[in-house]
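As a plain string of letters, each chain reads:
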Amino acid sequence: RIYLSPTTSIMQFTILATLIASASAFTVGPFEVPTAVKAAVAGVAVTAGVAISPAFAGDVGAGEQVFNANCAACHAGGQNVIMPEKTLEKDALDSYLAGGRNEKSVMTQVTNGKNAMPAFGGRLSDEDIANVASYVIETS
């Protein structure tokens, strides 16, 4: 028998939980990780003190800089000077953002634009867009 210390076991399980949670952001063919499994993995990770985020998560601090340089003219303070009901607050993002309030949906809208919002896909790098999406979700 091999005996592992509780710390080693938690570390191994945490690594496994992180891998499963990152992989659960994606689906392949008809298979998708069941919601109960995602919830269990997230619960274990929280218990172990590990933050789990999808593989495309950007840098919130860098995203703030990108936001201030490119988005704040219309979205200062999380508001919207063109369409006041479409703010960057949680409820508005859930209601108006195609795909709901998540980084992937923000990245799609920033890249492609929509209505009065211009597309930034040709002006910002993919990394900048991922970073600003992380910032928007974190601060909403």
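For the structure itself, look to the data block above.
Residues numbered from 1 in each chain as written. Predicted model: local features only at pLDDT ≥ 70, side-chain atom pairs only at ≥ 80, totals over all residues. Heavy atoms only, no water.

## Quick notes on the packing of aromatic side chains
Rules: In summary, the pairing rule links any two rings of Phe, Tyr or Trp, Trp by its six-membered ring, whose centres are within 6.5 Å, and it sorts them by plane angle into stacked for under 30 degrees, edge-to-face for over 60 and tilted for everything else. Only DSSP runs of H or I covering at least 4 residues are called helices, and only runs of E covering at least 2 are called strands; the numbering of each starts at the N terminus. A positively charged side chain is recorded as over a ring if its NZ (Lys) or CZ (Arg) lies within 6 Å of the ring centre. The angle to the ring normal must also be within 35 degrees.
This model, assessed by the stated rule, comprises one aromatic pair. Residues F67 and Y135 carry aromatic rings whose centres are separated by 5.2 Å and whose planes lie at 50 degrees to one another, so their mutual orientation is tilted. Of this pair, F67 sits in helix α3 (residues 60-70) while Y135 sits in helix α7 (residues 126-139), and the two are 68 residues apart along the sequence. Against the face of F120 rests R123, its NZ or CZ located 4.6 Å from the ring centre.

## Side note on the nonpolar core
Selection criterion: For this analysis, a nonpolar core means a set of buried residues of the types Ala, Val, Leu, Ile, Met, Phe, Trp, Tyr and Cys, connected via side-chain atoms within 4.5 Å. Three exposure classes are used, based on accessible area relative to the maximum for each residue type with a 1.4 Å probe and protein chains only: buried under 20%, partly exposed in between, and exposed over 50%. The contact criterion used is simple: two residues touch if any of their non-hydrogen atoms lie within 4.5 Å.
Of all hydrophobic cores here, the largest spans 16 residues; its most connected members are F67, V106, V110, L124, V132 and V136. Elements supplying a minimum of two residues to this core: α3, α6 (103-112) and α7. In terms of residues, this core owes the most to one element, α7, which gives six residues. Among all residues touching V136, those that are not within four sequence positions of it are F67, L88, L93 and V106.

## Describing the side chain of T87
Our working definition: Under the rule applied, a polar contact is a pair of N or O atoms within 3.5 Å (in protein, one hydrogen donor and one hydrogen acceptor; residues adjacent in sequence only if both atoms are side-chain atoms).
When you line up the elements, T87 lands in the loop between α4 (72-75) and α5 (90-96). Classification of T87 by relative accessible area gives buried; the value is 9%. A polar contact of 3.2 Å, which involves the side chain of T87, links it to the backbone nitrogen of E89.

## A look at the layout of surface pockets
Convention followed: Whether a set of points on the 1 Å grid over the protein atoms alone is a cavity depends on a 1.4 Å probe fitting there but being unable to get out, while an open set qualifies as a pocket with protein on both sides within 12 Å along at least five of seven lines; lining residues are those with an atom within 4 Å of a point. Grid points are joined across faces, edges and corners, and a volume is the space filled by probe spheres set on the points. Under the scheme applied, nonpolar residues are Ala, Val, Leu, Ile, Met, Phe, Trp, Tyr, Cys and Pro; charged residues are Asp, Glu, Lys and Arg; polar residues are all the others, including Gly.
Here the largest pocket is characterised by a volume of approximately 540 Å³. Forming the boundary of the largest pocket are 27 residues, of which H75, N80, L88, Q109 and M117 lie nearest the centre. Sorting the residues of the lining of the largest pocket by element identifies α3, α4, α5, α6 and α7 as the ones contributing at least two each. Broken down by class, the residue content of the lining of the largest pocket amounts to 19 nonpolar, six polar and two charged.

## Some thoughts on the packing of α3 against α7
Defined as follows: Structural elements are reduced to axes, namely lines fitted to C-alpha atoms, with helices fitted over the stretch in contact, and the angle between N-to-C directions of any two is expressed from 0 to 180 degrees. For this classification, under 35 degrees means roughly parallel, over 145 means roughly antiparallel, 65 to 115 means roughly perpendicular, and everything else is oblique.
Following both chains from N to C, one finds α3 and α7 inclined at 100 degrees, their axes separated by 7 Å at the closest point. As summarised for this structure, α3 and α7 are arranged roughly perpendicular, according to the angle between their axes. Here V60, A62, G63, E64, V66 and F67 of α3 come into contact with α7, specifically with D128, N131, V132, S134, Y135, V136 and E138. Class assignment of the residues belonging to the contact of α3 with α7 gives a composition of seven nonpolar, three polar and three charged.

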